[in-house]
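Chain by chain, the residues:
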Amino acid sequence: MIIIENDEIMLSTENGRVFMTIKNDHYNLKKVDELTRNHPRLKISNFMAVKKAVESSSHDPIELGTWIDSMELEISSDKMEAYITIYESQSFIQENLENLQINLQKLLQDNQIVYGHQPLDLLTVKTSKSYIIAKGLPPQKGADAKISYLQQAEKTPVINEDGKADYFDMNFLVEINEGSWLGEKFPAKQGIAGKNILGESVPALMGDDFPLKYDTKSAYEVEEEGKTVLRSKTKGVIGEVNGLLTVQKHLVIDGDVGLETGNLKFDGSIQVRGTVMPGYSIVSSGDISIESNEGVHAAELIKSTEGDVFIKGGIFGRGVTKVEAHHNIFVKHANECTLEAKDNIHIGFYSLGATICCDSLVLDERKGKIIGGKAIAINSITSAYTGNNSERKTELIVQGIDRKILTENAKTKAQDMMNLQEETTKLNFSLSQLNQFKSSMTNQQVAIYEQTKQKYNEIQREIKELDGEIQRILKMLRQTSDYFIQITREANPGTIIQIGNKSSFLTTQTQGKFKLENGELNA
């Protein structure tokens, strides 16, 4: 079939192959380029043969390339969309609108595209550009599983209308009974089915499912009225360990910790409704709440290895009291004591002659005072006043972090944890082997079994501690490096402001947000 013939060339096609015969010796490559623009269906695949024929003025027929279909249909792999591409010139399209429309509908029909036809204005289409001609109905994803938990105590001071932080009304512990509701999960739901362009049903998508996160030793799941309910296995207080909801053992001391109780060491939370007498100590794995309005006077040690510490009435330490928390410390005031927390320390009214170490130190921005002593934080220190009119030496230090050292530290701890996990695997295998013969063991063998079991539990505790340390380091590395000391009212002479290795000794009264700017302290 002849496509075009004139004084210069003859273009013909046979079985999709295109042949060209050059009639005029003056025919050139520029006209070949013009030929392809005027005939979009022509796809030249043998350009070198054309170039040779033009340059040698050959009049023999040469195979030029292929003559593609007027329009091409492409179906997506998921059968949800079809694209049409028209390889005709704009003038051809305008002159053959009706035939092209008929051919388009036939193409859809031949490919069994029966659903989701999209309108296409042929007068506006551009040559060789793809357009969506059919679109399926996507399946709708069902609702995700919905999970809710019993809220833990809001461990932050209540700010009254007058702007004062009220440390007397903190609901520090949430007590629960055996069988109490701890949380629930409504299951994920099935979505709505879709339809592809072939008219076939597309299965609906199920919503995402999420597990309830809890300590299996202290809680259990039960199906109730089409939902999964989480209930407590025991009486205690709600807490969280390594991201898992847990019910901790709860020891309540109705009076004081002193001569009648002796020093306390407890695996769980401790609630003291009185105070801790001079020289006595409390060490607990969970939260510690000391609720006497008189506070703590010269107690020796108050330490939570996994939780927070709340001292409602403040501390009169007399230089001997030390308070440590794995997470946060909340206290009304701190006099001549040492406070150490891996997270934050909140002081309601004032710190006087105290030594403080934490991630961030927060005092009330309207009334809070830091007078004397030393406060060391990693990220920030906030207070209304520092020092006093007598220019008492008051050190405020924000250290920041060395990311390189912390990263190496995390890697070392991760390797240590892997080594311990390998050891626990071996110990667990030994225990399972020994357990088979437990009933026939001699006393010596039973002792070996118990020692192995004890060692296994000790290593598990070490792994748990290492994982907590790694997570704490990673949290620090994710934080932005906006280290600052903010004094909202008065920073008195005698105050030492230090951020990183830059420090300033204040000789005049000032205020503001102190931080490093271009490597220098703005104090």
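What you see is a predicted model, and the numbers here were worked out from it, not measured in a lab.

Trainee: What's the story with the overall build of the protein in this structure? I'm lost.
Mentor: On a plain count of helices and strands, the protein comes out with six helices and 42 strands. Relative to a compact globule of 523 residues, whose C-alpha radius of gyration would be 24 Å, the protein shows 39 Å and is clearly more extended. Principal-axis analysis of the C-alpha atoms gives the protein an extent of 120 × 75 × 50 Å. Counting over 523 residues, the protein shows a buried share of 42%.

Trainee: Could you clarify how one ought to interpret helix 6 (residues 443-478) in this entry?
Mentor: Structural remark: α-helix, 3.6 residues per turn; residues separated by three or four positions point the same way. Compared with an ideal rise of 1.5 Å per residue, which puts 36 residues at 52 Å, helix 6 spans 53 Å between its outermost C-alpha atoms and is within 8% of the ideal. Among all positions of helix 6, only Tyr-449, Thr-452, Tyr-456, Ile-459, Ile-463, Leu-466, Glu-469, Ile-470, Ile-473 and Met-476 are buried. The secondary structure elements touched by the buried residues of helix 6 are strand 35 (374-386) and helix 5 (403-435).

Trainee: Where do I start with the pairing of strand 31 (residues 338-341) in this structure?
Mentor: Within a regular beta strand, the side chains point alternately toward one face of the sheet and then the other, so they alternate between its two faces. Of the two faces of strand 31, the one holding Leu-339 and Ala-341 is buried and the one holding Thr-338 and Glu-340 is not buried anywhere. One ladder, built from four bridges, connects strand 29 (residues 322-325) with strand 31; its direction is parallel. Its bridge partner being in strand 31, Glu-324 is matched across the sheet by Glu-340. The pairing of strand 31 with strand 33 (residues 355-363) spans three bridges and is classified as parallel.

Trainee: How should the nonpolar core be read in this particular structure?
Mentor: If you look at soluble globular proteins, the nonpolar side chains tend to sit buried side by side. Formed by 51 residues in total, the largest nonpolar core has its most connected members in Ile-302, Leu-339 and Leu-361. Ignoring any residue separated from it by four or fewer positions in sequence, one finds Ile-302 in contact with Val-276, Ile-282, Ile-288, Ile-290, Val-296, Val-309, Ile-311, Lys-322, Val-323 and Glu-324. If you look at the next biggest cluster of nonpolar residues, it comprises 17 residues, including Met-71, Leu-73, Leu-100 and Ala-134.

Trainee: How do you make sense of the pairing of strand 17 (residues 227-232) when you look at a structure like this?
Mentor: Across the six residues that make up strand 17, a large majority, six, are buried. Note: strand 16 (residues 219-224) against strand 17, six bridges, orientation antiparallel. Across the sheet, Glu-221 pairs through a bridge with Leu-230, a residue of strand 17. Between strand 16 and strand 17, which pair antiparallel and follow one another directly, the connecting turn spans two residues, one of which, Glu-225, has a positive phi of 50°.

Trainee: Honestly, the side chain of Ser-289 in this entry has me stumped. Any pointers?
Mentor: You can see Ser-289 is positioned in strand 24 (residues 288-290). For Ser-289, a relative accessible area of 1% gives the class buried. Among the polar contacts listed, one links the side chain of Ser-289 to the side chain of Glu-291, at a separation of 3.1 Å.

Trainee: Would you mind going over the sheet that holds strand 19 (residues 244-248) with me for this structure?
Mentor: Two pairing modes exist for strands in a sheet, parallel and antiparallel, and in both the strands are linked by backbone hydrogen bonds. Here we have three strands laid out as an open sheet, ordered 12-18-19, and antiparallel in their pairing. Two strands in the sheet have a free side with no partner beyond their single neighbour: strand 12 (175-176) and strand 19. Alignment of strand 18 (residues 236-241) against strand 19, held across five bridges, turns out to be antiparallel. Bridge assignment links Val-237 to a residue of strand 19, and that residue is Gln-248.

Trainee: Explain the sheet that holds strand 5 (residues 62-67) to me, please; I cannot follow it from the model alone.
Mentor: Spatial strand order, 1-2-3-5-4: five strands in an open sheet with antiparallel pairing. Both outer strands of the open sheet, strand 1 (2-5) and strand 4 (42-44), are each paired with one neighbouring strand and no more. Shown here is a sheet whose adjacent strand axes are inclined to one another by a mean of 30°, direction ignored. Sheet topology note: the strand 1/strand 2 (residues 9-14) ladder contains three bridges and is antiparallel. Counted as the bridge partner of Ile-4 is Leu-11 from strand 2. On the sheet, helix 2 (residues 47-56) packs against strand 3 (17-22), strand 4 and strand 5 and is oriented at approximately 140° with respect to strand 5.

Trainee: Could you clarify how one ought to interpret a positive patch on the surface in this entry?
Mentor: A contiguous patch of positive charge, built from Arg-366, Lys-367, Lys-369 and Arg-489, is present on the exposed surface. With respect to the secondary-structure elements, Lys-367 resides in the loop between strand 33 and strand 34 (369-371).

Trainee: How should I be thinking about unusual backbone geometry in this particular structure?
Mentor: Peptide bonds are mostly trans, and most non-glycine residues show a negative phi. Of note in the backbone geometry, Gln-112 takes a positive phi value of approximately 60° without being a glycine. If you trace the backbone, Gln-112 turns up in the loop between helix 4 (97-110) and strand 8 (130-135). The class of Gln-112 is exposed, set by a relative accessible area of 56%.

Trainee: Whenever I open this one, the pattern of salt bridges confuses me. Can you help?
Mentor: Proximity of charged atoms lets side chains of opposite charge pair with each other. Taken as a whole and judged by the stated rule, the model has 20 salt bridges. Its salt-bridge partner being Lys-31, residue Glu-8 comes within 2.4 Å of it at the nearest N-O pair. Of the two residues, Glu-8 is situated in the loop between strand 1 and strand 2 and Lys-31 in helix 1 (residues 29-38); the sequence distance between them amounts to 23 residues. Where Glu-408 meets Lys-411, a salt bridge forms, and the shortest distance between an N and an O atom there is 3.9 Å. Here Glu-408 and its partner Lys-411 are both found in helix 5, three residues apart, which amounts to about one turn of the helix. Of the residues examined, Glu-408 reaches a relative accessible area of 43% and is grouped as partly exposed. Through salt bridges with shared partners, one network takes in Lys-303, Lys-322, Glu-324 and Glu-340.

What counts as what
- Residues numbered from 1 in each chain as written.
- Predicted model: local features only at pLDDT ≥ 70, side-chain atom pairs only at ≥ 80, totals over all residues.
- Heavy atoms only, no water.
- Helix = DSSP H or I, 4+ residues; strand = E, 2+ residues; numbered from the N terminus.
- Rg over C-alpha atoms; globule rule 2.2 N^0.38 Å.
- Buried < 20%, exposed > 50% of the residue type's maximum accessible area, 1.4 Å probe, protein only.
- Expected span 1.5 Å × (residues − 1).
- Contact = heavy atoms within 4.5 Å.
- Pairing = 2+ DSSP bridges.
- Core = buried A, V, L, I, M, F, W, Y, C linked by side-chain atoms within 4.5 Å.
- Polar contact = N/O pair within 3.5 Å; in protein donor to acceptor, adjacent residues only side chain to side chain.
- Axes fitted to C-alpha atoms, helices over the stretch in contact; angles between N-to-C directions.
- Patch = residues over 30% accessible without salt bridge, like charges linked within 9 Å, V, L, I, M, F, W, Y side chains within 5 Å.
- Areas by Shrake-Rupley, 256 points an atom, 1.4 Å probe, with all protein chains shown as cover.
- Salt bridge = Lys/Arg side-chain N within 4 Å of Asp/Glu carboxyl O.
- Lys, Arg positive; Asp, Glu negative; His and termini not counted.
- Charge placed at Lys NZ, Arg CZ, Asp CG, Glu CD.

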